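Understanding the architecture of this molecule
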Amino acid sequence: MYYTRQLFQTIFDRLEHSENKTLTQVWMEFSILDCITTVSSACAEIKPSTLNECWKPLLPEMVQAIQDDSTISVPVTEIVNIASRLSDEEFAVSHQDVKDLYYRGRNFR
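We now turn to the structure provided with this report. (Residues numbered from 1 in each chain as written. Predicted model: local features only at pLDDT ≥ 70, side-chain atom pairs only at ≥ 80, totals over all residues. Heavy atoms only, no water.)

**Focus on the overall build of the protein**
Broken down by element type, the protein carries six helices and zero strands. The 109 residues of the protein split such that 23% are buried. When contacts within the protein are restricted to residue pairs at least 6 apart in sequence, long-range pairs at least 24 apart make up 60% of them. As presented, the protein carries roughly 7700 Å² of accessible surface, and 57% of it is formed by carbon and sulfur atoms. (Helix = DSSP H or I, 4+ residues; strand = E, 2+ residues; numbered from the N terminus. Buried < 20%, exposed > 50% of the residue type's maximum accessible area, 1.4 Å probe, protein only. Contact = heavy atoms within 4.5 Å. Areas by Shrake-Rupley, 256 points an atom, 1.4 Å probe, with all protein chains shown as cover.)

Structure below.
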């Protein structure tokens, strides 16, 4: 989710600074370097509780249990808000879309 929020914010910022470009044009200019920068920024935001949850299947005795996943509500809201500011009907994103991506990613571990 941190990556998605960073990505949306980057695209939004570039749209604001590019007067004559469409969302598709800005998206197509997103480079591998941009991706690496976005991943780096997102990794810096990862909380210890998230890392614990990732390691739990491998080393359950070494990590603390997470009581609930309420920690995802703020990033989800931020992602939806950024996406809504893009104001492109082709790019509508709902809270459920973001949550589905999050939970789908958790199931791939």
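**Considerations on the nonpolar core**
Ranked by size, the top nonpolar core spans 15 residues in total, and within it Leu7, Phe8, Ile11, Leu15, Leu23, Leu86 and Val98 carry the most contacts. Of all the elements in the fold, those that place two or more residues in this core are α1 (2–17), α2 (23–28) and α5 (73–86). The element contributing the most residues to this core is α5, with six residues. The contacts of Leu7, once residues within four sequence positions are left out, are Trp27, Phe30 and Thr38. (Core = buried A, V, L, I, M, F, W, Y, C linked by side-chain atoms within 4.5 Å.)

**Comments concerning the packing of α1 against α5**
Axis separation between α1 and α5 bottoms out at 9 Å; the angle between their running directions is 25°. With respect to α5, the element α1 is oriented roughly parallel. Note on packing geometry: the crossing formed by α1 with α5 is left-handed. Contacts between α1 and α5 involve Tyr2, Thr4, Arg5, Phe8, Gln9, Ile11, Phe12 and Leu15 from the former and Pro75, Glu78, Ile79, Ile82, Ala83, Arg85 and Leu86 from the latter. By residue class, the composition of the contact of α1 with α5 is ten nonpolar, two polar and three charged. (Axes fitted to C-alpha atoms, helices over the stretch in contact; angles between N-to-C directions. Parallel < 35°, antiparallel > 145°, perpendicular 65-115°, else oblique. Left-handed = near helix turned anticlockwise from the far one by under 90°. Nonpolar A, V, L, I, M, F, W, Y, C, P; charged D, E, K, R; others polar.)

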